[in-house]
Amino acid sequence: MDAAEINAALAHIYPLPHGRTRTERLETLAAAAKTGPDRALEGRVLLELAQSYTYAGERDLVPVVYGRLLRVYDDHPAELGPMTHSVHWYLKWMTWGMIDNPAIPLATIDRWFDELDNRYRQRGYSLRPVLALRSELAREIGDTAAAAAWLAQAMAAARDSMSDCDACERSEWGVTSVYLGDDEAGLARWKPVLDGDRSCAEEPHRVLAEALLPLVRTGRVAAARGAHLTGYPLVRHTEDLRPSVALHVEFCALTGNEARGLEILAEHASWLADPGADAGARLAFATGVCVLLRRLVALRLGDLPLADGTVESVRARLETEIGALCARYDARNGNSAVSLRTAARLAAEPLLERLPLGVRSTLPRAAHMPDSAPAADDFSGDRAGEVRRLAELGAARLADTPEEAEAHLREALALGTPVLTGEEAARLGAQLVIAIASQPDRELDLADAAVRAAARWEGLSEPDVLHHTVVAARAFHRAERHGEAVALFEQALAGGAIPYPSGELAVVRAQFGRSLDALGRPREAARRFLEGARLVEHDPERTKLHAELAWSAAGALEHCGQDDEAVAAYHRAAELWGRLGAVAARAACLRSAAWLQVSPGADSEPWLTSMRALTAELAVLAERSAEAAEELAHTREQLARMLRIGGVPETSA
């Protein structure tokens, strides 16, 4: 193959998914490039092959190909000089890939660390990423003191073009802090990522998963719920993030949400029998899953069907595999750090009896498991009387002093666990929601109370479950916690008929759509906006809401490339705004529709006709309305731009 043929083949390989087919083709190209005269081309092929091996789970092969790349780079600096940054950037990631690979001896890893260190020094790059990787290796092999020391040096070193992004750096800093036993420090280092101030292609996906149990252990249970509701959809369909999926499963197992964990696991049943070649990811996934499976066995549910067997049989098979993986790491590391760390994770006891999540999943009851009932005690009669007194006080204060009502109701619920029936507790929970909703700026507290109320109503009243789930979703929406809002809106709308009139249901869908839009999911948002519009299209008292929904749908359709549908929605919204006399909104919708139809060489008649009509309409209104005069100026200015872009003579306007 000559250079032109290799370049053409590369162009066809780039779009292929990572896997054996891709790497085999690149191996062929690498062999061909080696015999040719173009060293820069050989370097490009080798770099692509190294990356492909990594993403295909064949990290064992990366050092060999990267060693060849570095020799070519050193022998032909002029030809490969433009690739300097890429070569050194990926050398860092290649070295990182060795840390988690039990097939590569520590001595080999140490040599590559020295290579990385020397080359960064020679090129004048900061050692910050090298020091961070040394900390990660120390953490992996169980050298706690070295992990802490290297991390401190990494954080103190200067940032430069070789540094990972701030979100990725903070992700690893937090993991190391938690490994060192300091949940608070880990959460502090993750805070900008958890708060949404730092993000990248892989964050906050991983941090939200890593933070789940530290949040629970430090008492931030509502934040843990939010991290699960927001984080799981981010990792759900990404195979590279299997360890993060397992952390969500483990979180469910340890917070009384075993049914939810089993539901997640069922979605990924194919992963259970797919060991792959990436030992680290496999060990992390299998361990998190086995925390759940052990919990289910403890609940006498080992006979439940799972994948190609039962909970118990899958657990036994995975734990055998876990033992073999741990043995490989221990042999490489010369100690039992990985085995001990894994054993501790598997032996974890539940952290909470139950943390309501707002998403509903139910485990079948084991046939031989007796119903549990609160144990009676000598004080149950007195306690019941006190609970009734507090409940009555709370109910009496709801209308005038909701703060006092809240305090009484919370105390009644705290005392009432042994003496209240399920329905009594549910009614108190519903009253608590009312008390908090009556107070300003309590959206997150309201969401938490509503989620808990929905959980109390399960099995008693489906309409109350749905209502409180919606209350929580809307509170999260108003607090701009859109990940949690979307998860609960989805749950409520999938759960049955919400007991609201059509106008209120349209408002729910409007909020749902706006939260979806905020998460960058415009196609789904458009569907919810259109559903809401249909609910009120024949209600003259809801014309404004109908117009808002049509306008929102148009914007969402435009963002996901459905231009024809967006034009129709903009025109529908404009018509509705016209009925209401909303001049500015109507003009904005018509201009937006026109812009979607403007392109060089395309038929100008549709948008030109619309803009002419709008200009004439606004010219009449401008004689008595400053707002219309302003919109007329905007319209004329934008029409002039449309004519230039569309190649239409201005005389046509």
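This report concerns the structure included in the present document. The model shown is predicted, which means the values in this text are computed figures rather than measured ones.

### Looking at the overall build of the protein chain
When helices and strands are counted, the protein chain shows 33 helices and two strands. If one aligns the C-alpha atoms of the protein chain with their principal axes, the spans along those axes are about 95 × 80 × 50 Å. In the protein chain, buried positions account for 49% of the 653 residues. Sequence separation of 24 or more characterises 64% of the internal contacts of the protein chain that already satisfy a separation of 6 or more. Carbon and sulfur atoms make up 53% of the accessible area of the protein chain, which amounts to about 29,700 Å² in all. For the protein chain, the centre of its 72 positive side-chain charges and the centre of its 94 negative side-chain charges are spaced 1 Å apart.

### Digging into the pattern of salt bridges
Going through the model one piece at a time under the given rule, you end up with 60 salt bridges. One salt bridge connects Arg 410 with Glu 406, and the closest N-O pair in it is separated by 2.9 Å. In this pair, Arg 410 and Glu 406 both sit in helix α22 (residues 402-416), four residues apart, roughly one turn of the helix. Under the relative-accessibility criterion, Arg 410 is labelled partly exposed at 37%.

### Structural notes on unusual backbone geometry
Between Glu 203 and Pro 204 the backbone carries a cis peptide bond, its omega angle lying at 20°. With respect to the helices and strands, the residue Pro 204 is situated in the loop between α11 (183-194) and α12 (205-210). At Arg 300, a position not held by glycine, the phi torsion is positive, near 65°. Position of Arg 300 relative to the elements: it lies in the loop between α18 (279-298) and β1 (305-306). Phi is positive for Asp 441, which is not a glycine, with a value near 55°. For Asp 441, the location among the structural elements is in the loop between α23 (422-437) and α24 (443-457).

### Some details on helix α29 (residues 543-559)
Here α29 spans 24 Å end to end across 17 residues, near enough to the 24 Å set by a 1.5 Å rise per residue. Among all positions of α29, only Thr 543, Leu 545, His 546, Ala 547, Leu 549, Ala 550, Ala 553, Ala 554, Gly 555, Ala 556 and Leu 557 are buried. Backbone geometry just after α29 places Gly 561 at a positive phi near 80°.

### Let's talk about the nonpolar core
By size, the foremost hydrophobic cluster in this structure holds 129 residues, and its most contacted members are Phe 251, Leu 272, Leu 293, Leu 306, Leu 318 and Leu 549. Looking at this core, the element that brings in the most residues is α18, giving 10 residues. Sequence-distant contacts of Phe 251, that is, excluding residues within four places in its chain, are made with Leu 212, Leu 213, Val 216, Ala 224, His 228, Leu 355 and Leu 357. With 46 residues, the next largest nonpolar core counts Ala 50, Leu 69, Leu 70 and Trp 112 among its residues.

### As for α23
In this model, α23 (16 residues) spans 23 Å end to end at C-alpha, consistent with the 22 Å of a helix rising 1.5 Å per residue. All buried positions along α23 are accounted for by Ala 425, Ala 426, Leu 428, Gly 429, Ala 430, Leu 432, Val 433, Ala 435 and Ile 436.

### Some points on the environment of Ser 161
Mapped onto the secondary structure, Ser 161 falls in the loop between α9 (144-156) and α10 (166-179). Residue classification places Ser 161 among the partly exposed positions, given a relative accessible area of 43%. With 305 residues separating them in the primary sequence, Ser 161 and Leu 466 have C-alpha atoms 50 Å apart. Sequence-distant contacts of Ser 161, defined by excluding residues within four places in its chain, comprise His 85, Trp 89 and Tyr 125.

### Thoughts on the environment of Ser 86
Examined against the element boundaries, Ser 86 turns out to sit in helix α6 (residues 84-99). Classification of Ser 86 by relative accessible area gives partly exposed; the value is 37%. Taking the C-alpha atoms as reference, Ser 86 lies 8.4 Å from Leu 47; in sequence the two are 39 residues apart. If sequence neighbours within four positions are ignored, Ser 86 has contacts with Leu 47 and Tyr 66.

### Some thoughts on the side chain of Glu 484
Locating Glu 484 in the fold gives a position in helix α26 (residues 482-494). Classification of Glu 484 by relative accessible area gives buried; the value is 3%. For Glu 484, the contacting residues outside a window of four places in its chain are Gly 226, Leu 229, Thr 230 and Phe 476.

### Side note on a negative patch on the surface
A contiguous patch of negative charge, built from Glu 558, Asp 563, Asp 564 and Glu 565, is present on the exposed surface. Looking at the negative patch, the element that brings in the most residues is helix α30 (residues 563-580), giving three residues. Of note, Glu 565 is situated in helix α30. Residue class for Glu 565 comes out partly exposed when judged on its relative accessible area of 41%.

### What to know about the packing of helix α27 (residues 502-518) against α29
For any two helices packed against each other, the geometry comes down to the angle between their axes and how far apart the axes lie. Orientation of α27 relative to α29, taken along the N-to-C sense of each, is 25°, at an axis distance of 11 Å. Between α27 and α29, the crossing angle belongs to the class labelled roughly parallel. Considering the relative orientation of α27 and α29, their crossing is left-handed. From α27, Gly 503, Ala 506, Val 507, Ala 510 and Asp 517 reach across to α29, where they touch Leu 545, Leu 549 and His 559. Per-class residue counts for the contact of α27 with α29 are five nonpolar, two polar and one charged.

### Looking at the side chain of Ser 126
Relative to the helices and strands, Ser 126 is located in the loop between α7 (106-123) and α8 (128-141). Its relative accessible area of 12% is what places Ser 126 among the buried residues. Within polar-contact distance, the side chain of Ser 126 engages the backbone oxygen of Ala 158 at 2.5 Å. Apart from residues lying up to four places away in sequence, Ser 126 is in contact with Tyr 120, Ala 157, Ala 158 and Asp 160.

### Overview of the packing of aromatic side chains
Tallying each qualifying case throughout the model produces six aromatic pairs. Judged by centre distance (5.9 Å) and plane angle (80°), the ring pair of Trp 551 and Trp 577 falls under edge-to-face. A residue pair is termed long-range when its members are at least 10 positions apart, and Trp 551 in helix α29 and Trp 577 in helix α30 qualify at 26 residues. A relative accessible area of 31% means that Trp 551 is categorised as partly exposed. Over the ring of Trp 89 we find Lys 92; its NZ or CZ atom is 3.3 Å from the centre of that ring. The aromatic ring of Trp 150 is capped on one face by Arg 134, whose charged end is 5.5 Å from the ring centroid.

Each value, and the rule that gives it
- Every chain's residues receive numbers from 1 upward, in the order its sequence appears when written.
- Selection of residues for local features in this predicted model requires a pLDDT of at least 70, selection of side-chain atom pairs for listing and counting requires 80 or more, and totals for whole chains, interfaces and linings are taken over all residues.
- Excluded from the side-chain calculations are hydrogens and water; all other atoms, namely the structure's heavy atoms, are used.
- Numbering of helices and strands starts at the N terminus; helices are DSSP runs of H or I of at least 4 residues and strands are runs of E of at least 2.
- When a residue's accessible area, from a 1.4 Å probe over protein chains only, is under 20% of the maximum for its type it is buried; when over 50% it is exposed; and in between it is partly exposed.
- Residue contacts are defined here by distance: any two heavy atoms, one from each residue, within 4.5 Å place the two residues in contact.
- Only the protein chains shown count as covering a residue, and every accessible area follows the Shrake-Rupley method with a 1.4 Å probe.
- His is not counted, nor are the chain ends, whereas Lys and Arg count as positive and Asp and Glu as negative.
- In plain terms, the charge of a residue is placed at NZ if it is Lys, CZ if Arg, CG if Asp and CD if Glu.
- The salt bridge definition used is simple: a Lys or Arg side-chain nitrogen within 4 Å of an Asp or Glu carboxyl oxygen.
- Here the expected span of a helix is defined as 1.5 Å times the quantity of residues minus one.
- In these notes, a set of buried Ala, Val, Leu, Ile, Met, Phe, Trp, Tyr and Cys residues joined through side-chain atoms within 4.5 Å is what counts as a nonpolar core.
- Each patch is built from residues that are more than 30% exposed by relative accessible area and take part in no salt bridge. Like charges join if they lie within 9 Å; nonpolar side chains (Val, Leu, Ile, Met, Phe, Trp, Tyr) join within 5 Å.
- Only the stretch in contact is used when fitting a helix axis, every axis being a line fitted to C-alpha atoms; angles between N-to-C directions are given from 0 to 180 degrees.
- Relative orientations are named as follows: roughly parallel for angles under 35 degrees, roughly antiparallel for angles over 145 degrees, roughly perpendicular for angles from 65 to 115 degrees, and oblique for any other angle.
- In this scheme the handedness of a crossing depends on how the near helix is turned from the far one: anticlockwise by less than a right angle means left-handed, clockwise means right-handed.
- Residue polarity is assigned by list, with Asp, Glu, Lys and Arg as charged and Ala, Val, Leu, Ile, Met, Phe, Trp, Tyr, Cys and Pro as nonpolar; anything else, Gly included, falls into the polar class.
- Think of a polar contact as two N or O atoms within 3.5 Å of one another; within protein, one of them needs to be a possible hydrogen donor and the other a possible acceptor, and neighboring residues in sequence only count if both atoms come from side chains.
- For this analysis, a ring pair means two rings from Phe, Tyr or Trp (six-membered ring only for Trp) whose centres lie within 6.5 Å, classed as stacked if their planes differ by under 30 degrees, edge-to-face if by over 60, and tilted for the remaining angles.
- Either the NZ atom of lysine or the CZ atom of arginine qualifies as a charge over a ring when it sits within 6 Å of the ring centre and within 35 degrees of the ring normal.

Without other data, these values stay purely geometric and don't point to any function.
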